[in-house]
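Residue-level structure breakdown
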Amino acid sequence: MRQIAEKLTHGIKEELIQLSEYIFNNPELGYEEFKACEAHVKLLKRHGFVVEEGFLDIKTAFKAVYDSGIPGPVVAFLSEYDALPGMGHGCGHNLLGATTTGAGITVSKLMKEMGLRGKVMVFGTPAEETSGAKVQMTNEGAFEDVDVAMQAHPASQHMKSGKSLALEAIQFTFTGKSAHAAASPEEGINALDAAINTFVSINALRQHILPSARIHGIISEGGKAANIVPDLAIAQFYVRATTKTYLQELVEKVKNCARAGAMAAGAKVEFYNYEASYDNLVTNETLSEAYSRRLMEVGVEKIEGAKKGYGSLDLGNISHVGPTIHPYFRICEENIPAHTKAFAAATQTPFAYESMVKTINALALTATDVLEDEKLLKKIKEEFQKAEK
Ligand SMILES: [Zn+2]
Ligand SMILES: [Zn+2]
């Protein structure tokens, strides 16, 4: 199986390099990835996938399906192709898109050549860097018939799939009453005081939360002039935790700080989610081990443990509806931090392309394990049911 996968991937390598280079040369921000999306769709159609464009009314999203015609499991790969403002593909999503799409195409060809059962899907998922489309896609049931979901992200090392934090983006809008701050301060209700009280209470709360949680915020609106009592103040926070359950508990405590802050100032407060909420990534360890085994088989010698410091990923939401992994693959010999121009440049080297090919083979072979090994899929699903979320 390995030799056949390697031969098939070799056959599409040039097309994938072209895809990655085209996206690199045409960087587009979240929800504006028209060129990148179209290039993915063209390639997938050329290789026999049935593609739904503008998936779920998201203009730069797609769902591509290859059906073997034999009933069986469904394996999904997630593609991303959004860039960062001012630095192009500093997160390497050009290569990420080519890698996961390449894995999907290789699996479809393995299905044909080896008579494998089931379906393989490639989802085009816009705007990972901002308000990730995977949240809406998950909420609207896009992954309900998917058995396992996989994505591999470019990095300076091969790293196992780990965790990401659940995140809620809450805005507090405080309203009071304006008045002359010197002539008639007793007439005013100070919305800025409500916001400051909230920050003070949250600072006290921080001492009594799990060390892995994060609460960080700004005051984006706090009055117009020093001689007017501010009647409007706006604070925006990110609250993050390692589990969705703890996040919900923490968000309630943070909201209580704002309620108390508003009450103390005599102001009113309203809550609003100003960006999509991300769930924590729950790595399916059984699937992750299967992937690591395949990665070593295709010639990767060193796989580091999961990342220590972490942010939040919209892929987290998918991991709450089905078994998911998000490993990293090495694209450079030196350590280059992501979200830099240097990292973007590193996606276009022979070293990166070699690694892309190995990663595609490992992803595709893991998919064949899932499609053909019933015991493995059963174990993956049992772990998913039991996992702490
Ligand atoms: Zn990024
Ligand atoms: Zn990224």
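Residues numbered from 1 in each chain as written. Chains lettered and ligands numbered in written order. Predicted model: local features only at pLDDT ≥ 70, side-chain atom pairs only at ≥ 80, totals over all residues. Heavy atoms only, no water.

**Concerning the overall build of the chain**
Scanning the chain from N- to C-terminus turns up 11 helices and 12 strands. Expected size for 389 residues packed as a compact globule is a radius of gyration near 21 Å; at 24 Å, the chain falls within 12% of this value. Expressed along its principal axes, the backbone C-alpha trace of the chain runs to roughly 85 × 45 × 40 Å. Within the chain, buried positions represent 54% of all 389 residues. Contacts in the chain between residues far apart in sequence, at least 24 positions, make up 80% of those at least 6 positions apart. (Helix = DSSP H or I, 4+ residues; strand = E, 2+ residues; numbered from the N terminus. Rg over C-alpha atoms; globule rule 2.2 N^0.38 Å. Buried < 20%, exposed > 50% of the residue type's maximum accessible area, 1.4 Å probe, protein only. Contact = heavy atoms within 4.5 Å.)

**Overview of the coordination of the zinc ion (ligand 1)**
In this structure, Cys-91 (SG), Glu-129 (OE) and His-339 (NE2) serve as the protein donors to the zinc ion (ligand 1), at separations of 2.0 to 2.3 Å. Between consecutive donor residues of the zinc ion (ligand 1), the sequence gaps follow C-x37-E-x209-H. A separation of 3.3 Å is found between the zinc ion (ligand 1) and the zinc ion (ligand 2), which are bridged by Cys-91. Within this pair, whereas Cys-91 is found in the loop between strand E3 (74-79) and helix H3 (93-114), its partner Glu-129 is found in the loop between strand E4 (119-124) and helix H4 (133-139), the two being separated by 38 residues in sequence. On the accessibility criterion, Glu-129 (23% relative accessible area) is partly exposed. (Donors = N, O, S within 2.8 Å, 3.2 Å for Na, K, Ca; no water.)

**Focus on the UniProt feature "domain: Peptidase M20 dimerisation" (unreviewed entry) in the chain**
This chain's UniProt record puts "domain: Peptidase M20 dimerisation" (unreviewed entry) on residues 171-260. Helix makes up 36% of residues 171-260 and strand 26%, whereas the separation of the span's terminal C-alpha atoms amounts to 15 Å. (UniProt positions renumbered as here; feature names shortened; annotations may be inferred.)

**Side note on helix H5 (residues 191-205)**
Here H5 spans 21 Å end to end across 15 residues, near enough to the 21 Å set by a 1.5 Å rise per residue. Among the residues of H5, Ala-191, Ala-194, Ala-195, Thr-198, Ile-202 and Leu-205 are the ones counted as buried. Around the axis of H5, the buried residues are gathered within 100° of arc, so they sit on the same side. Residues of H5 that are buried in the fold lie against strand E7 (166-175), strand E8 (214-221), strand E9 (232-241) and helix H6 (244-265). (Expected span 1.5 Å × (residues − 1). Arc of directions from axis to C-beta.)

**Concerning the sheet that holds E9**
If you trace the four strands from one edge of the open sheet to the other, you get E8-E9-E7-E10, paired in antiparallel fashion. A strand with exactly one partner marks an edge of an open sheet, and here the two such strands are E8 and strand E10 (268-273). Recorded for the sheet is a direction-independent mean angle of 20° between the axes of neighbouring strands. As paired elements, E7 and E10 share six bridges and run antiparallel to each other. When the sheet's bridge partners are listed, Ile-170 is paired in E10 with Asn-273. Each of E7, E8, E9 and E10 touches H6; the most contacted strand, E7, lies at about 15° to it. (Pairing = 2+ DSSP bridges. Axes fitted to C-alpha atoms, helices over the stretch in contact; angles between N-to-C directions.)

**Some thoughts on the domain arrangement of the chain**
The domain boundaries assigned to the chain delineate domain 1 (2-164 + 280-386) and domain 2 (171-273). Facing five residues of domain 1, the contacting portion of domain 2 comprises five residues. Of the roughly 350 Å² buried at the junction of domain 1 and domain 2 (both faces included), carbon and sulfur atoms supply 45%. For the domain 1 face of the interface with domain 2, the top three residues by lost area are Asn-280, Ser-312 and His-320, together amounting to 69%. Counting across the domain 1 and domain 2 interface gives zero salt bridges. Applying the counting rule to domain 1 against domain 2 returns three residue pairs in polar contact (both at pLDDT 80 or more). (Domains from an automatic or database assignment. Buried area = accessible area lost by both parts, 1.4 Å probe. Salt bridge = Lys/Arg side-chain N within 4 Å of Asp/Glu carboxyl O. Polar contact = N/O pair within 3.5 Å; in protein donor to acceptor, adjacent residues only side chain to side chain.)

**Brief notes about the coordination of the zinc ion (ligand 2)**
Here the zinc ion (ligand 2) is held by the protein donor atoms Cys-91 (SG), His-93 (NE2) and His-153 (NE2), which lie 2.1 to 2.4 Å from it. Given the relative accessible area of 0%, His-93 is considered buried.

**Considering empty space enclosed by the protein**
What the rule picks out here adds up to one cavity of 30 Å³ or more. In this structure, the largest cavity is lined by Val-282, Thr-283, Asn-284, Ser-319, Gly-322, Pro-323, Thr-324, Glu-383, Phe-384 and Ala-387. Counted by class, the lining of the largest cavity contains four nonpolar, five polar and one charged residues. (1 Å grid on protein atoms, 1.4 Å probe; cavity = no way out; pocket = protein on both sides within 12 Å on 5 of 7 lines; lining within 4 Å. Points joined across faces, edges and corners; volume = space filled by probe spheres on them. Nonpolar A, V, L, I, M, F, W, Y, C, P; charged D, E, K, R; others polar.)

**A closer look at the layout of surface pockets**
Here the largest pocket is characterised by a volume of approximately 800 Å³. Looking at the lining of the largest pocket, the elements with two or more residues in it are strand E6 (153-155) and E9. With three residues, the single largest contributor to the lining of the largest pocket is E6. Partitioning the lining of the largest pocket into residue classes produces 16 nonpolar, 14 polar and eight charged. Lining the second largest pocket are 18 residues, with Lys-163, Leu-281, Val-282, Thr-283 and Glu-285 sitting closest to its centre. Partitioned by chemical class, the residues of the lining of the second largest pocket number five nonpolar, seven polar and six charged.

**Some thoughts on the side chain of Gln-171**
Examined against the element boundaries, Gln-171 turns out to sit in strand E7. Judged by its relative accessible area of 11%, Gln-171 falls in the buried class. Polar side-chain contacts of Gln-171 include one of 3.2 Å to the side chain of Thr-173. Among the polar contacts listed, one links the side chain of Gln-171 to the side chain of Gln-236, at a separation of 2.9 Å. Setting aside anything within four residues of it in sequence, one finds Gln-171 in contact with Ile-234, Ala-235, Gln-236, Glu-270, Phe-271, Tyr-272 and Tyr-274.

**Some points on the pairing of strand E2 (residues 62-67)**
E2 sits mainly inside the fold: five of its six residues count as buried. Relative to E2, strand E1 (residues 50-53) is paired through four bridges, and the arrangement is antiparallel. When the bridges of E2 are listed, Val-51 appears paired with Ala-64. Strand direction decides the pairing type here: E2 and E4, joined by six bridges, are antiparallel. Each residue of the ladder has a partner; that of Tyr-66, found in E4, is Val-120.

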